[in-house]
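# Working through the structure, step by step
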Amino acid sequence: MLFKKTSFHKPSLILPLWQAFKFLLIKVAFLKLTADILAFMSPQIMKAMIMVSENHPSSYGSGYVYAIALFFVVLSQTLLHQLYQRNNMLTAVKIKTAVVGLIYKKALTLANSSRQNYTTGEIVNLMSADAQQLMELTVNINLLWSAPFQIIMAVIFLWKELGPSVLAGVALLLLVIPINALIAAKVKRLKKSQMRYLDQQVKLLSEMLHGIKLLKLYAWESAYQRKVMSIREREVDVLKSSGYLTTYSMLTLTCIPFMVSLATFGVFFHLDKENVLTATKVFTSISLFNILRLPLFDLPPVISAVAQTKVSLSRLEDFLCAEDLNPEDVNTNYSGNHAVGFIGASLRWEKNGLPVLKNLSVSIPEGSLVAVVGQVGSGKSSFLSAVLGEMEKLEGTVQRRGSVAYVSQQAWIQNDTLQENILFGANLNRPYYELVLECCALLPDLEQLPNGDQTEIGEGGVNISGGQKQRVSLARAVYSNADLYLLDDPLSAVDVHVGKHLFEKLIGPSSLLKTKTRILVTHNLMLLPQTDFIIVMEEGRISQMGTYQELISKRANFAELIQVFGAEHTSKEATQMEVSSSKEEGQLGRSLQQRELLKHTDSSFDQWKIFTNTKEKVATGGMKMSVVLKYLQAFNWRWMWLTIAACLGQNALTIGQNLWLSTWTAETAKVSDFTEWKQSQNYKLRIYGLLGFLQGLLVCCGAYVLTRGSLSASQALHHQLLDNVLHLPLQHFETNPVGQIINRFTKDLFVVDIRFHYYLRTWLNCTVDVIGTILVITSASPLFIVVVIPLGYFYFTIQRHYIASSRQIRRLAGASHSPVISHFSETLVGRSTIRAFGHQERFIRKNYDVVYENLVYFYNNVISNRWLSVRLEFLGNLMVFFAALFVVLAGNTVSSSTVGLSISYALNIIQSLNFWVRKACEIETNAVSIERVCEYAKMDKEEPWIMPKRPPAGWPDKGIIEFVNYKAQYGKDLGLALNDVSFQTQSKEKVGIVGRTGAGKSTLTNCLFRVLEGSEGKIIIDGIDISTIGLHDLRGNLNIIPQDPILFSGTLQSNLDPLGKHSDLELWEVLELCDLKDFVQSLPKKLLHEISEGGENLSVGQRQLVCLARALLRKTKILVLDEATASVDMETDNLVQSTIKREFHNCTVLTIAHRLHTVMDSERVLVLDAGRILEYDTPHNLLQRRGAFSEMIAEAGIRR
């Protein structure tokens, strides 16, 4: 067990990670220690060379020996350091992978009470951001001991050179460390705030993208865009504060070596009047100060990273310690021959919440067919969840025996082939598989799909209809050959004859599953006589149970329910089983390409296949300059030029300081009478101090302008990305995984916010540093230029090879990260189904596979970095060797101060050159993130939301819709989805739209809302051609009740009225009309009741009623009703139908009919077939004519 709970404190994640990886971490630490020790040998060899130059300028032999020794020391350090880096990165990624695995496992066992505290976005963030933060700290963790060790070593060697005066420098260091600690604590708090805002943003974006169809149809994009932008603005404020704090960090790491040297040299003079600065002392000290600079450079970020990682660790520990489902809530080992049993059981969803199911006592015999019925919100689905062990048990006993198969009310489909969705990890048994396909009525569908059962289904099943999703879900359950089947209203999403077929072949008394225990939640009361046992739910209790005959004879609530249904039966002259082409017809139309499939040959199937290819495209080739230019434009040219000026200035001043010291020590060597020299030393020290002060000033200015510029770029690119995504046509979202877009807003924008400007600044500093170093060494040894040219050529050759491969590896790694997120999100949505089937281990293995693929690219990235470093540092080592060799060759012609200056700069160039190429590559590879953020700008967009021509206020006032010779197609290469459609409605007319699957009913709606633009003809509403006005002016003045009840997390009030246009009184009025007023008044917060993600804390029926209330608030003259009452009981269905009739009596209503009895009340009926109008007349006239409509009515068995 990784976590052992104690009563004292929250378990720590660090201890188990240490136990698992301690040997690897110790090995890495040993390599780091050895490399650090070697780093201190170089200044000592340089010191010996300066002393040779001072004392024995003609002694060439020892000079050559020292030059060769210097080369071998720096080479050994290079090899050991690279070995350390490789092992360090691989250990860090192993730790990250372990944590990602833990998060995934935990997500599968999380109790529903805990799950409500963590949205999908937040859990995905734990995996992508917090685990990454832990990995980044692991990479730098050794610096926590290595940096102090290097500081102590440097101080010891400096003491040897400058004696007690070095304590002045140490005191200054000790003063800086607590200030850094304070800043780190502040950064920690800011990081916490930033993560909170990021979570909110990802959660909101995730919901927006999943409900994008609703946002577009209701023209709510702008309102939700403002919500995202307001969260983003708060996040940017936090980033701004964090950026200004780094100004101090920058000042510390750049100026501390100088301040330490100034303090040390100043005290060195004042301690003893005889103390003299020689070249040996100055340049050995400066070399040690340069070594000191790196740990000081690294320590503040590491302290800051520790602070940030503590936040991430705390979040991870909270999540991993959250309450799990209790397997003991369901007893699977009991005596008795019943399959499911409840004995005085009360259960709840939320911790500390009220019980949802109360005092249940029922025993379900093995092999029986049990129906669970009741009104919306009575606890039917919760009853199944209790059997699955998804709820928290308060008292009593829940019993269940044998393996389980579960079909949820909203079908959960994986992004995989149709066959894999059905097999669900089992081996293929071909005869049984084909029997299952036949029983689930899937064989005709397989003929329509481009690759049969090998067709890949998009994320969330976007490219198949609702009915197909439900039948695939049923097939998965049946193929599993379980002992107990829990079926949550699976027949509601399919049409009547398919529903009959499924009941007879799969569920009923003589079906394939007749020997199995089946618990069926249903609103279809006509099935009840064929069941063995019926449970009637009311307000979370079992109000009645028994056989059909027993319940009818009791004449209680059950009989009332039947009577309500009976009234529906007679008034509509139809029974629920006699309905027509149901929800499936419209839902099949939801897939934009699918309609075309049903009407055309295999050539169109290939087109459809293109749309379902959800693999992320990976860019190739070099970084386009246009990408960097886009960033720089967003950065603002003014800030860019100021950053460059500050960088040039601070580097020029650094060289000035060293040249000043070199001149000073050269004078020391020449002066015979030190009295005069001592008089000028205070003046020289003041100039040295002034140069350092100016450098500090420029560092502060540089950090400030960089923060301003980078924040300007972050805001501009985020706004562009959000705007571009919301302007994409609906088709894009139906054929691409949401994970890809979320990845842009998390991983890629993180690079823009935090990383890219840092790499730009570092590269700029290194460039100026390298040029300065070469100029200094060349001025000391002109021969050095001969070596620089070929070495420079090799540098750029190595750089070119490295960047080409590294860039592509980074792109592939970026693309391979999306499946990790998508698989994780998919698992979170389907966790109940996965747990019900007991497939947790298989999904954990699948997670390992997608993470492993991502790691393959990561490993290649690490190794390519080491390949680069070894070669670059070897060339840097050669530069050191030649710089040392040339000063030895120069002999008497160069002073000891020049020798010191030249070699100390050469030692510095190894890191600078390595950093230079590395950062150039980081800029290229991280520019991929900017490229990915900007790629949405190039995609095809919808027409403008607002156009110069705007409709008059109060339009449409009559509600007359006219289609004139209208043609539309889903792709240039596909056939016409609507072909020469012409018809006109009257004002306030009620028109039913019917047709078989794929006839073009949903296409008609899509064209009316301009989700699909026409290729010929026009649509006129109250005298205005809708193609001449903006999409928001059109959609904002139309009304639709969509098929799927989509809710967003937030308050009930914000779901009803996101634009805040209506008063509370109006909201209560519509809630009363939808029979929700009593329910909402019973909630503690009433209108401010928090809706959970996807509306999960409301039943599907209640969600449908909230959507009806939302439509009632929009006072428009045209309503499109995409009938969706199959997931509500008969009483609620009656209520919805009567409310629509009453409240929309003065509107034009277009009803896409999935149940033919509802259009019998229409004033006229439009019959479509293959995108053409077959008939358009009153229902009475159409029935007299005995055409297509009459035929459909006869098929459905509706008595006329």
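These numbers come from a predicted model, not from an experiment.

A few words on the overall build of the protein chain. Scanning the protein chain from N- to C-terminus turns up 39 helices and 21 strands. Counting only contacts in the protein chain whose residues sit at least 6 apart along the sequence, the fraction spanning at least 24 positions is 82%. Total accessible area on the protein chain is roughly 46,700 Å²; 58% of this is exposed by carbon and sulfur atoms.

Our next topic: the packing of helix H6 (residues 143–162) against helix H7 (residues 166–210). One can describe the packing of H6 onto H7 by two numbers: an axis separation of 9 Å at closest approach and a directional angle of 160°. What the angle tells us is that H6 and H7 run roughly antiparallel. Counting all contacts with H6, which are made through Ile151, Val155, Leu158 and Trp159, the residues of H7 involved are Val166, Leu167, Val170 and Leu173. Residue classes in the contact of H6 with H7 are distributed as eight nonpolar, no polar and no charged.

Once that is clear, we can look at the pattern of salt bridges. Taken as a whole and judged by the stated rule, the model has 26 salt bridges. Put simply, Lys216, Glu221, Glu942 and Arg1035 are held in one network by salt bridges that share partners.

A separate point is the sheet that holds strand S3 (residues 369–374). Spatially, S5-S6-S7-S3-S8-S9 is the arrangement adopted by the six strands of the open sheet, whose pairing is mixed. The open sheet is flanked by strand S5 (404–407) and strand S9 (541–546), the only strands paired with a single partner. For this sheet the average axis-to-axis angle between neighbouring strands, irrespective of direction, equals 15°. Of the strand pairs in this sheet, S5 and strand S6 (residues 484–488) are connected by four bridges, and their pairing is parallel. Considered in S6, the bridge of Val404 is made with Leu484. Lying over the sheet, helix H15 (residues 466–479) contacts S5 and S6, oriented at roughly 175° with respect to S5.

Now for unusual backbone geometry. The peptide bond linking Trp955 to Pro956 adopts the cis configuration, its omega dihedral lying at -10°. Of note, Phe424 is a non-glycine position whose phi angle comes to about 50°, a positive value. Residue position: Phe424 is located in the loop between helix H12 (418–423) and helix H13 (430–439). One non-glycine residue, Asp1022, adopts positive backbone phi at about 45°. We classify Asp1022 as buried; its relative accessible area is 19%.

Moving on, we come to the packing of helix H5 (residues 120–140) against helix H27 (residues 784–829). Relative orientation of the contacting elements H5 and H27 amounts to 140°, with a least axis distance of 10 Å. What the angle tells us is that H5 and H27 run oblique. For the pair H5 and H27, the crossing hand works out as right-handed. Each of Thr120, Ile123, Val124, Met127 and Ser128 in H5 lies in contact with H27, whose residues at this interface are His817, Val820, Ile821, Phe824, Ser825 and Leu828. Grouping the constituent residues of the contact of H5 with H27 by class yields seven nonpolar, four polar and no charged.

Attention shifts here to the nonpolar core. By size, the foremost hydrophobic cluster in this structure holds 120 residues, and its most contacted members are Tyr631, Phe963, Leu1004, Leu1008 and Ile1021. Of the residues forming this core, the biggest block, nine residues, is contributed by helix H26 (residues 738–780). What Leu1004 contacts, discounting residues up to four positions off in sequence, is Phe963, Leu978, Val981, Phe983, Ile993, Leu1166 and Leu1168. In terms of nonpolar packing, the next biggest core, distinct from the first, is built from 80 residues, Trp664, Tyr688, Val776 and Met879 among them.

Time to look at helix H36 (residues 1100–1113). Here H36 spans 20 Å end to end across 14 residues, near enough to the 20 Å set by a 1.5 Å rise per residue. Summarising burial for H36: 14 of the 14 residues are buried, a large majority.

Time to look at the environment of Val628. For Val628, the location among the structural elements is in helix H22 (residues 625–635). Note on Val628: relative accessible area 8%, which makes it buried. As for Val628 and Val928, which are separated by 300 residues in sequence, their C-alpha atoms are 9.9 Å apart.

In this section: the sheet that holds strand S20 (residues 1164–1169). Judged by pairing direction, the sheet is mixed, and its six strands sit side by side in the order S15-S18-S19-S12-S20-S21 without closing on themselves. Here the strands that pair on one side only, and so sit at the sheet edges, are strand S15 (1039–1041) and strand S21 (1172–1177). With direction set aside, neighbouring strand axes in the sheet form an average angle of 20°. Bridge analysis of S20 against S21 gives five bridges, and the strand direction is antiparallel. Note that in S21 the partner of Leu1166 across the bridge is Tyr1176.

The tally for this structure, following the rule as stated, stands at 24 aromatic pairs. Arranged with centres 5.6 Å apart and planes meeting at 55°, the rings of Phe71 and Phe881 form a pair that is tilted. With Phe71 in helix H3 (residues 60–109) and Phe881 in helix H29 (residues 840–890), this pair connects stretches of sequence that are 810 residues apart. Each member of the pair, Phe71 as well as Phe881, is classed as buried. An angle of 35° between the planes, with centres 5.7 Å apart, marks the rings of Tyr104 and Phe824 as tilted. Residue Tyr104 is located in helix H3, and its partner Phe824 is located in helix H27; the two are separated by 720 residues in the primary sequence. Aromatic rings pair up to connect Phe71, Phe72, Phe874, Phe881 and Phe882 into one cluster. Positioned above the aromatic ring of Tyr224, the side-chain terminus of Lys227 is 4.4 Å from the ring centre. Directly above the aromatic system of Phe424 lies the positively charged group of Arg476, at a separation of 5.2 Å from the ring centroid.

Averaged over all residues, the pLDDT of the protein chain equals 80, while 89% of them reach at least 70. Segment residues 1–8: pLDDT under 50, and ten contacts once partners within four positions in sequence are set aside and those in other chains are kept. Across residues 566–614, confidence stays below pLDDT 50; counting only partners more than four residues off in sequence or on other chains, it has 158 contacts.

Thresholds, definitions, all that
- Residues numbered from 1 in each chain as written.
- Predicted model: local features only at pLDDT ≥ 70, side-chain atom pairs only at ≥ 80, totals over all residues.
- Heavy atoms only, no water.
- Helix = DSSP H or I, 4+ residues; strand = E, 2+ residues; numbered from the N terminus.
- Contact = heavy atoms within 4.5 Å.
- Areas by Shrake-Rupley, 256 points an atom, 1.4 Å probe, with all protein chains shown as cover.
- Axes fitted to C-alpha atoms, helices over the stretch in contact; angles between N-to-C directions.
- Parallel < 35°, antiparallel > 145°, perpendicular 65-115°, else oblique.
- Nonpolar A, V, L, I, M, F, W, Y, C, P; charged D, E, K, R; others polar.
- Salt bridge = Lys/Arg side-chain N within 4 Å of Asp/Glu carboxyl O.
- Pairing = 2+ DSSP bridges.
- Buried < 20%, exposed > 50% of the residue type's maximum accessible area, 1.4 Å probe, protein only.
- Left-handed = near helix turned anticlockwise from the far one by under 90°.
- Core = buried A, V, L, I, M, F, W, Y, C linked by side-chain atoms within 4.5 Å.
- Expected span 1.5 Å × (residues − 1).
- Phe/Tyr/Trp six-rings, centres within 6.5 Å; stacked < 30°, edge-to-face > 60°.
- Lys NZ or Arg CZ within 6 Å of the ring centre and 35° of its normal.
- pLDDT = per-residue confidence, 0-100.

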